[in-house]
Amino acid sequence: MWNKNRITDLLGIEYPIFQGPFGGGLSTVELTTTVSKLGGLGGYGAYTLSPQEIYDAHQQIKSITDKPYNLNLWINDHDIINQDHTQKQYQKAVEVFKPYYDSLNIEVPPLPPSFESRFQNQLQVVFDIKPKVFSFMFGLLDPDIIEKLKNQGTVVVGNATTVDEAIALENIGVDVIAASGFESGGHRPSFLEKAELSTTGTFALIQLIKDKVKTPLVAAGGIANGRGITAAMTLGAEAVQIGTAFLATQESGAPPVHKEFLFSEAAKSTTLSRAYTGRLGRGITTDITRKLLTATDQTLPFPLQTSFIASMRKAALEQKKYELVFFWSGQIAPILKHKSASVLMKSLIEEASELMR
């Protein structure tokens, strides 16, 4: 049986299909519970949320289903070095982005206020609510913390973009490793090397990691149908994580125009860029990402860059100047078919079952 292995047994799920845990308001209770109720593992990205908001989301999810879901946080939630460095980066960002603000007839915003890490307070909520699955990105947790999470019954999942990151995650005792390939939409969760140096494709990455670690693997990136699931599991993954296909469904928190782009001709081209958040992420290629491909030293540190361009993004959406907006997307978007999460989930199960029977 293709759907019975170490990961399904460990998590108590029927099918080894994870829904990507989107951050920035793109995750919803409806999407998470839809996937979990159908036997997969729904995902909820909480790195932008306050502890109370995380608690409230958990309570909403548990009021709908008792099935497991994956709560995701970012260990390293900012790239700020110091105020002087940030001020210099702000001056460069103003020079680069002022023409775009001018084209929208809006003022360039002032330097965003400094950012204080939220992770420690968020982590305390994980101990309070005891989710069945907790995943983390952009770093390593202390092994003592992982042991405490396991002792409370929480399965711990770490995210890797390289073999060395996977080895480091195994060494601290995670239960499962999600191998995030170059094809993935959204941010690259690299932590040992710069993200630009951590761009191995999913199907190569799975084989490379499988050769070096014993921890069960989840393949993430470039998967949106039963063929992708079959390929990933043939190469050694014991589950897959699907992001873009679920992001495009009506249940996700993505704005309608974002979903329209995912089903449009524009989705044929995606770009890795730091222009929109300060961290490297993949989205649909637009005019602004073409021109700012090498904007590494011309943006504010994450997450200040997100705040800096918030008014520009808002105005561009209102004025329908979509060439100034970066819509998150993986490379697999052109094959998307389903706009309903339940229909997508059932299709994934049926296709994979047929191919691996």
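The structure contained in this document is the topic of the report that follows. Note that this is a predicted model, so its numbers are computed, not measured. (Residues numbered from 1 in each chain as written. Predicted model: local features only at pLDDT ≥ 70, side-chain atom pairs only at ≥ 80, totals over all residues. Heavy atoms only, no water.)

Considering the sheet that holds strand β10 (residues 270-273)
Consideration 1: Reading across the sheet, the 3 strands line up as β7-β11-β10 and stay open at both edges, with antiparallel pairing between neighbours. The sheet is open, and its two edges are formed by β7 (186-187) and β10, each paired on a single side. (Pairing = 2+ DSSP bridges. Helix = DSSP H or I, 4+ residues; strand = E, 2+ residues; numbered from the N terminus.)

So, the nonpolar core
Consideration 1: Counting residues in each nonpolar core, the largest one holds 95 residues, and the members touching the most others are I17, F97, F136, I229, I242, F246 and M312.
Consideration 2: Not counting residues within four places of it along the chain, the set of residues in contact with F246 comprises F18, Q19, F22, L31, V35, S252, A341, L344, M345 and L348.
Consideration 3: V176, A178, V218 and A239 belong to the second-largest nonpolar core, a separate cluster that totals 12 residues. (Core = buried A, V, L, I, M, F, W, Y, C linked by side-chain atoms within 4.5 Å. Buried < 20%, exposed > 50% of the residue type's maximum accessible area, 1.4 Å probe, protein only. Contact = heavy atoms within 4.5 Å.)

Here's the deal with the side chain of R279
Consideration 1: Here R279 lies in the loop between β10 and β11 (281-284).
Consideration 2: Judged by relative accessible area, R279 falls into the buried class, the value being 4%.
Consideration 3: A polar contact is formed between the side chain of R279 and the side chain of D79, at a distance of 2.7 Å.
Consideration 4: Setting aside anything within four residues of it in sequence, one finds R279 in contact with W74, N76, D77, H78, D79, F138, H187, S273, R274 and F302. (Polar contact = N/O pair within 3.5 Å; in protein donor to acceptor, adjacent residues only side chain to side chain.)

Comments concerning the side chain of S198
Consideration 1: Inspection of the secondary structure puts S198 in the loop between β7 and α8 (202-210).
Consideration 2: Residue classification places S198 among the buried residues on the basis of a relative accessible area of 0%.
Consideration 3: In terms of polar contacts, S198 uses its side chain to reach the backbone carbonyl oxygen of K194, at 3.2 Å.

A few points about unusual backbone geometry
Consideration 1: Omega for the peptide link from F302 to P303 comes to 0°, which places this bond in the cis form.
Consideration 2: Position of P303 relative to the elements: it lies in the loop between α12 (287-291) and α13 (304-308).
Consideration 3: In the Ramachandran plot, K130 falls in the positive-phi region, its phi being about 50° despite a non-glycine side chain.
Consideration 4: In this fold, K130 is placed in the loop between α5 (119-129) and β4 (133-137).
Consideration 5: We note that K320 has phi near 60°; this positive angle belongs to a residue other than glycine.
Consideration 6: Within the secondary structure, K320 is located in the loop between α14 (310-318) and α15 (341-355).

Comments concerning the environment of S264
Consideration 1: Its place among the elements puts S264 in the loop between α11 (256-262) and β10.
Consideration 2: On the basis of relative accessibility, which here comes to 28%, the residue S264 falls in the partly exposed class.
Consideration 3: Expressed as a C-alpha distance, the spacing of S264 and I242, which sit 22 residues apart in the sequence, is 19 Å.
Consideration 4: Side-chain polar atoms of S264 contact the backbone oxygen of F261, separated by 2.7 Å.
Consideration 5: A polar contact of 3.2 Å, which involves the side chain of S264, links it to the backbone nitrogen of A266.

Regarding the sheet that holds strand β9 (residues 239-242)
Consideration 1: An order of β1-β9-β8-β6-β5-β4-β3-β2 is seen for the 8 strands of this open sheet, with the pairing classed as parallel. Because the sheet does not close on itself, it has two edges, and the strands there are β1 (17-19) and β2 (42-45). Each adjacent strand pair in this sheet contributes to an overall mean axis angle of 25°, direction not counted.
Consideration 2: One ladder, built from 4 bridges, connects strand β5 (residues 155-160) with strand β6 (residues 176-180); its direction is parallel. Directly across from N159, in β6, lies its bridge partner A178. (Axes fitted to C-alpha atoms, helices over the stretch in contact; angles between N-to-C directions.)

Focus on the environment of K62
Consideration 1: Relative to the helices and strands, K62 is located in helix α3 (residues 51-64).
Consideration 2: Considered as a pair, K62 and A224 are 162 residues apart in the sequence and their alpha carbons are 27 Å apart.
Consideration 3: Apart from the residues within four sequence positions on either side, K62 is in contact with K67 and Y69.

Some thoughts on the pattern of salt bridges
Side chains that carry opposite charge are capable of pairing whenever their charged atoms lie near each other.
Consideration 1: Scanning the model with the defined rule gives 8 salt bridges in all.
Consideration 2: Among the salt bridges present, the one from E196 reaches R274, with a minimum N-O distance of 2.7 Å. Highlighted residues: E196 in the loop between β7 and α8 and R274 in the loop between β10 and β11, separated in sequence by 78 residues.
Consideration 3: Classification of R274 by relative accessible area gives buried; the value is 14%. (Salt bridge = Lys/Arg side-chain N within 4 Å of Asp/Glu carboxyl O.)

Here we look at helix α2 (residues 29-37)
Consideration 1: Burial within α2 is extensive, with 7 of its 9 residues counted as buried.
Consideration 2: Residues V29, L31, T32, T33, T34, V35 and S36 constitute the buried set of α2.
Consideration 3: Where α2 is buried, its residues meet β1, β2, α3, β3 (69-74), α10 (244-247) and α15.

Structural notes on the environment of I146
Consideration 1: Position of I146 among the secondary structure elements: in helix α6 (residues 143-151).
Consideration 2: Sequence separation of I146 and I172 is 26 residues, and the distance between their C-alpha atoms is 7.6 Å.
Consideration 3: Other than its neighbours up to four places away in sequence, I146 contacts L141, V156, I172, G173 and V174.

What about α5?
Consideration 1: Residues of α5 that are buried: F119, Q122, L123, V125, V126, F127 and I129.
Consideration 2: Where α5 is buried, its residues meet α3, β3, β4 and α6.
Consideration 3: Phi turns positive one or two residues past the end of α5, at K130, with a value near 50°.

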